[in-house]
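This is what each chain is made of:
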Amino acid sequence: MNFEAAEDFLKRAPYAEFLGVRALLHGDEMTLVMAESRRLIGNPINGALHGGAIGAFLELTAVAQLYVSGKLEKFPKTIDVTFDYFRTGLVKETYARAHIVRLGRTMANVRAEAWQDERSRPIAAMHGNFMLNRADGEAELD
Amino acid sequence: MTESASSEFAALPYVEQLRAVSQIMIDGSPQARALGFKFVDLEEGMYLLKADWNARLVGDPDRGVIAGGVLTTMLDHACGFACNTALPRLMPVVTLDLRIDYLRPAKPGATVFARAVCEKLTRRIAFARGAVWDEDEGDPVAFAASAFAIRDQSEESSRESILFLGSLLAGGRESEAGAAGKGAKGAAE
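These notes cover the structure that comes with them. None of the values given here were measured: they were computed from a predicted structure.

**Some words on the overall build of chain B**
- Counting its secondary structure elements, chain B contains six helices and eight strands.
- In chain B, of all internal contacts separated by at least 6 residues, the share reaching a separation of at least 24 is 65%.
- Accessible area of chain B: about 8,100 Å², with a carbon and sulfur share of 51%.

Structure (structure tokens):
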């Protein structure tokens, strides 16, 4: 478990700062928090968070969880991601957790969920495949 | 906006009205505006936007590549608005799901483009596909496939919304009054 790697990643990635994302650690469980911000709104009429921002937050959560695994030497490359949107996100803190389904030698499959008021009523979920960058060179898709 | 300009706008076909207010709709969406989206073009069933490279939007600081999440947001926006161009009038569309395939990293420093096409409209669901590229549309950075729920809205409400957006075009007193009183129904999240 390497939480410092995850926190270091979030501090160094400009886009994580743009989205207002930080990590909370409770024992060995990591929850990411995207700060409340009107700048994340997609639809100004109902004040709904932009689906793209929610997706981006989920993808960051997945990458941070991969860093926690301690197996990453460099930033992992996303191969593909799919987002499901369940409920409107509003202007308040958004939380997310990721779960590594399979961590292989060169690839990983990760799922993540985001919620606001109730953990049991998520606003969105993601699953995706990531190429892990190995210490001995750049990982290519083929 | 002068009376004659506003009646000219009201007389335009819906797709042309949408074309005229597309940048306004981007600027009215805080996240789209913060990411620097710029409307490029649309047709019935197609929407094209671009975003300039911005150091604040980099995902991997060692390589200076724009973060995947920015492309996700561009594609969500483009797909949603492509569905809007295919609908007969302005109606909210809400993302159900969105899949992104990352074919290759975008070139550091490059402006990125996203084009989406509404593939199919049913009464309640719209399907769209999109692509992102940087220098050459024939060498894409990412593909997207998406489904949206179409939220019903009365014709009167649609008309009010598009006319309100049109009133913002020239700026001025009429648009300030409109902004204070009511909002346009957002077309996409």
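Structure shown, so let's carry the discussion forward.
**Focus: the interface of chain A and chain B**
- Each partner contributes residues to the interface: chain A has 36 residues there, and chain B has 38 residues.
- At the boundary of chain A with chain B, total buried surface from both sides reaches about 3,000 Å², with 56% on carbon and sulfur atoms.
- Contact with chain B buries surface across chain A, with Tyr15, Phe18 and His50 of chain A losing the most and accounting together for 21% of the total.
- At the junction of chain A and chain B, the tally comes to two salt bridges.
- Residue Arg12 of chain A pairs with Asp62 of chain B through a salt bridge whose shortest N-O separation is 2.8 Å.
- Every element with two or more residues in the side of chain A that touches chain B is listed here: helix H1 (3-12), helix H2 (14-19), strand E3 (41-43), strand E4 (48-49), helix H3 (51-68) and strand E5 (74-85) of chain A.
- Broken down by element, the residue count for the side of chain A that touches chain B peaks at 10 residues, all from E5 of chain A.

**Overview of the pairing of strand E5 (residues 93-102) of chain B**
- Sheet topology places E5 of chain A next to E5 of chain B; five bridges connect them, and they run antiparallel. Looking across to E5 of chain B, one finds that Asp80 of chain A is bridged to Asp101 of chain B.
- Pairing analysis gives nine bridges linking E5 of chain B to strand E8 (residues 142-150) of chain B, with the strands arranged antiparallel. Paired with Asp97 of chain B across the bridge in E8 of chain B is Ala147 of chain B.

**Some points on the packing of aromatic side chains**
- In this structure the tally under the stated criterion is eight aromatic pairs over all chains.
- With a centroid separation of 5.6 Å and an interplanar angle of 10°, the aromatic rings of Phe113 of chain B and Trp133 of chain B are classed as stacked. Remark: Trp133 of chain B occurs in strand E7 (residues 125-133) and Phe113 of chain B occurs in strand E6 (residues 112-121); sequence separation between them is 20 residues.
- An aromatic cluster is present here, built from Phe9, Tyr67 and Phe75 of chain A joined pairwise through their rings.
- The residue whose ring lies beneath Arg39 of chain A is Phe18 of chain A, and the NZ or CZ to ring-centre distance is 4.6 Å.
- The residue whose ring lies beneath Arg119 of chain A is Trp115 of chain A, and the NZ or CZ to ring-centre distance is 4.4 Å.

**Comments concerning the side chain of Thr85 of chain B**
All names here are of chain B.
- Within the element layout of this structure, Thr85 appears in helix H4 (residues 68-86).
- Polar side-chain contacts of Thr85 include one of 3.2 Å to the backbone nitrogen of Met46.
- A polar contact of 2.6 Å, which involves the side chain of Thr85, links it to the backbone oxygen of Ala82.
- With near-sequence residues (within four places) excluded, Thr85 lies in contact with Val15, Leu18, Leu42, Glu43, Glu44, Gly45 and Met46.

The rules behind each value
Residues numbered from 1 in each chain as written. Chains lettered and ligands numbered in written order. Predicted model: local features only at pLDDT ≥ 70, side-chain atom pairs only at ≥ 80, totals over all residues. Heavy atoms only, no water. Helix = DSSP H or I, 4+ residues; strand = E, 2+ residues; numbered from the N terminus. Contact = heavy atoms within 4.5 Å. Areas by Shrake-Rupley, 256 points an atom, 1.4 Å probe, with all protein chains shown as cover. Buried area = accessible area lost by both parts, 1.4 Å probe. Salt bridge = Lys/Arg side-chain N within 4 Å of Asp/Glu carboxyl O. Pairing = 2+ DSSP bridges. Phe/Tyr/Trp six-rings, centres within 6.5 Å; stacked < 30°, edge-to-face > 60°. Lys NZ or Arg CZ within 6 Å of the ring centre and 35° of its normal. Polar contact = N/O pair within 3.5 Å; in protein donor to acceptor, adjacent residues only side chain to side chain.

The values reported here are purely geometric and, on their own, carry no functional implication.
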